[in-house]
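# Inside the fold
Letter by letter, the chains look like this.
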Amino acid sequence: MANGQWYPPEWPDRIRALAAGTLAPVTPKRAATVMLLKDTGTGPAVHMLRRRASMAFAGGAYAYPGGGVDPRDDDHQVRWAGPPRAWWADRLGVDETAAQAIVCAAVRETYEEAGVLLAGETPGSVVGDTTGAGWEADRAALVARDLSFAEFLDRRGLVLRSDLLGAWTRWITPEFEARRYDTWFFVAALPEGQRTRNASTEADRTVWIAPGEAAAGYDEGELLMMPPTIATLRQLTAYESAAQALAAAPERDLTPVLAAARLVNGEILLSWPGHDEFTKHIPTAPTGGAPA
């Protein structure tokens, strides 16, 4: 039975064009996504959303809340708690301005798409229920980009809790993809008093699911996912609680994972370093069949 790997039908032709030198890679946009965890009686569950089938990129695939960096995420220094920007810059492999933007994107996108906010009135607190009309108005303004995240925090007198995030991995969309992202994956625990909801216009379903159960659904071809999603799910199965996963995050390798397409024995070999399960063998010329 085929697994649930998301594989666009146009990829083989684009890979051939890249290998032939007729396709110029686009510059990836910075992005962030958050694996939001909560403890259950049998271990942690992760919050996932299913992208609408109508979406041009990964339609129908299960993913985590996340999205691109808003250029205003690094406008000015936001109120900040946890490791300083210099620490995050070193951890993420970027400068301090970019580090703030990436962390802000992770927190903002989680709020925009799941209604969960990793911020508090003080460096040691976290906001409670965020489902009131006023919160929803602010969330909608963030989604519409009528309000920047820095303005949102200032308006509500909130401090971004960077210490509630753990940087987990980094994946860059392959060079042959038309929509490319340089994405940092984070882990976080659902704050006490908050609850998730499907707040995203890009998703038609959300679930709390054990990483192992989600991975089994992928293996059986029932759940469609992109390589970074299933790879991180498999990694999460090693932990018995959200706290364990967060404690492991600082030691995680953030070397970017970037798929490579190269000519081997008369065919194009598509591979993701360190992730052999995603390897594809693609004929150098169209054959009318699907890649192996």
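These numbers were taken from a predicted model, which means no experiment stands behind them. (Residues numbered from 1 in each chain as written. Predicted model: local features only at pLDDT ≥ 70, side-chain atom pairs only at ≥ 80, totals over all residues. Heavy atoms only, no water.)

Under the criterion given, the structure shown has 17 salt bridges. When the shortest N-O distance is used, the salt bridge between D70 and R145 registers 3.4 Å. Separated by 75 residues along the polypeptide, D70 in the loop between β4 (66-68) and β5 (80-81) and R145 in the loop between α4 (133-143) and α5 (149-156) bring together distant segments of the chain. For D70, a relative accessible area of 6% translates into the label buried. Between R234 and E277 there is a salt bridge, and its shortest N-O distance comes to 2.9 Å. Taken together, the positions of R234 in helix α7 (residues 227-236) and E277 in strand β14 (residues 275-283) put the pair 43 residues apart, joining distant regions of the chain. On the basis of relative accessibility, which here comes to 30%, the residue R234 falls in the partly exposed class. For E277, a relative accessible area of 37% translates into the label partly exposed. The network of salt bridges with shared partners includes D70, R72, D73, R108, E109, E112 and R145. (Salt bridge = Lys/Arg side-chain N within 4 Å of Asp/Glu carboxyl O. Helix = DSSP H or I, 4+ residues; strand = E, 2+ residues; numbered from the N terminus. Buried < 20%, exposed > 50% of the residue type's maximum accessible area, 1.4 Å probe, protein only.)

Tracing the chain through its elements places G21 in the loop between α1 (11-20) and β1 (29-40). Using a relative accessible area of 61% as the deciding quantity, one classes G21 as exposed.

In this section: helix α2 (residues 85-92). Those residues of α2 that fall on the buried side of the exposure criterion are R85, W88, A89, R91 and L92. Buried residues in α2, looked at end-on, bunch into an arc of 165°, giving them a common side. Of the surrounding secondary structure, the elements contacted by the buried residues of α2 are β5, α3 (96-114), β8 (166-172) and β9 (181-189). (Arc of directions from axis to C-beta. Contact = heavy atoms within 4.5 Å.)

Turning to the pairing of β8, a few remarks are in order. Counted residue by residue, β8 has seven buried out of seven residues, so it is predominantly covered. Here β8 runs beside β9; their pairing, made up of six bridges, is antiparallel. Across the sheet, the residue bridging to T169 is F185, located in β9. Of the pairings in the sheet, the one linking β8 to strand β11 (residues 257-258) comprises two bridges and is parallel in character. Looking at the pairing, I172 lines up with L258 of β11. (Pairing = 2+ DSSP bridges.)

Taken in spatial order, the three strands line up as β5-β7-β6 in an open sheet, and their pairing is mixed. This sheet does not close on itself; its edge strands, each paired only once, are β5 and β6 (119-120). Direction of pairing for β5 relative to strand β7 (residues 159-161): parallel, over a ladder of two bridges. In the sheet register, W80 faces β7, and the bridge partner there is L160.

With that out of the way, let us pick up the packing of α2 against α3. Two elements in contact, α2 and α3, have axes separated by 8 Å at closest approach and are oriented at 85°. By the angle between their directions, the pair α2 and α3 is classed as roughly perpendicular. The segment α2 lies against α3, with R85, A86, W88, A89 and L92 engaging E96, A99, Q100, I102 and V103. In the contact of α2 with α3, the residues fall into seven nonpolar, one polar and two charged. (Axes fitted to C-alpha atoms, helices over the stretch in contact; angles between N-to-C directions. Parallel < 35°, antiparallel > 145°, perpendicular 65-115°, else oblique. Nonpolar A, V, L, I, M, F, W, Y, C, P; charged D, E, K, R; others polar.)

Once that is clear, we can look at the packing of aromatic side chains. Taken as a whole and assessed by the stated rule, the structure comprises nine aromatic pairs. Seen in terms of ring centroids, Y64 and F185 are 6.4 Å apart; in terms of plane orientation they differ by 90°. Their pairing is edge-to-face. Within this pair, whereas Y64 is found in the loop between β3 (62-63) and β4, its partner F185 is found in strand β9, the two being separated by 121 residues in sequence. Accessibility expressed as a relative area gives 5% for Y64, which makes it buried. (Phe/Tyr/Trp six-rings, centres within 6.5 Å; stacked < 30°, edge-to-face > 60°.)

To continue, consider α1. Taken together, the buried positions of α1 are W11, P12, I15, R16, A17 and L18. Against β12 (260-264), β13 (267-272) and β14 lie the buried residues of α1.

In terms of strand pairing, β12 meets β13 through five bridges, oriented antiparallel. The residue of β13 that forms the bridge with R262 is L269. The antiparallel pairing of β12 with β13 creates a hairpin that spans two residues between the two strands, and N265 there sits at a positive phi of about 55°.

Below, the discussion takes up the side chain of T232. The residue T232 is located in helix α7 in this model. Among the polar contacts made by the side chain of T232, one reaches the side chain of Y64 at a distance of 2.9 Å. Not counting residues within four places of it along the chain, the set of residues in contact with T232 comprises M35, Y64, W168, T169 and F185. (Polar contact = N/O pair within 3.5 Å; in protein donor to acceptor, adjacent residues only side chain to side chain.)

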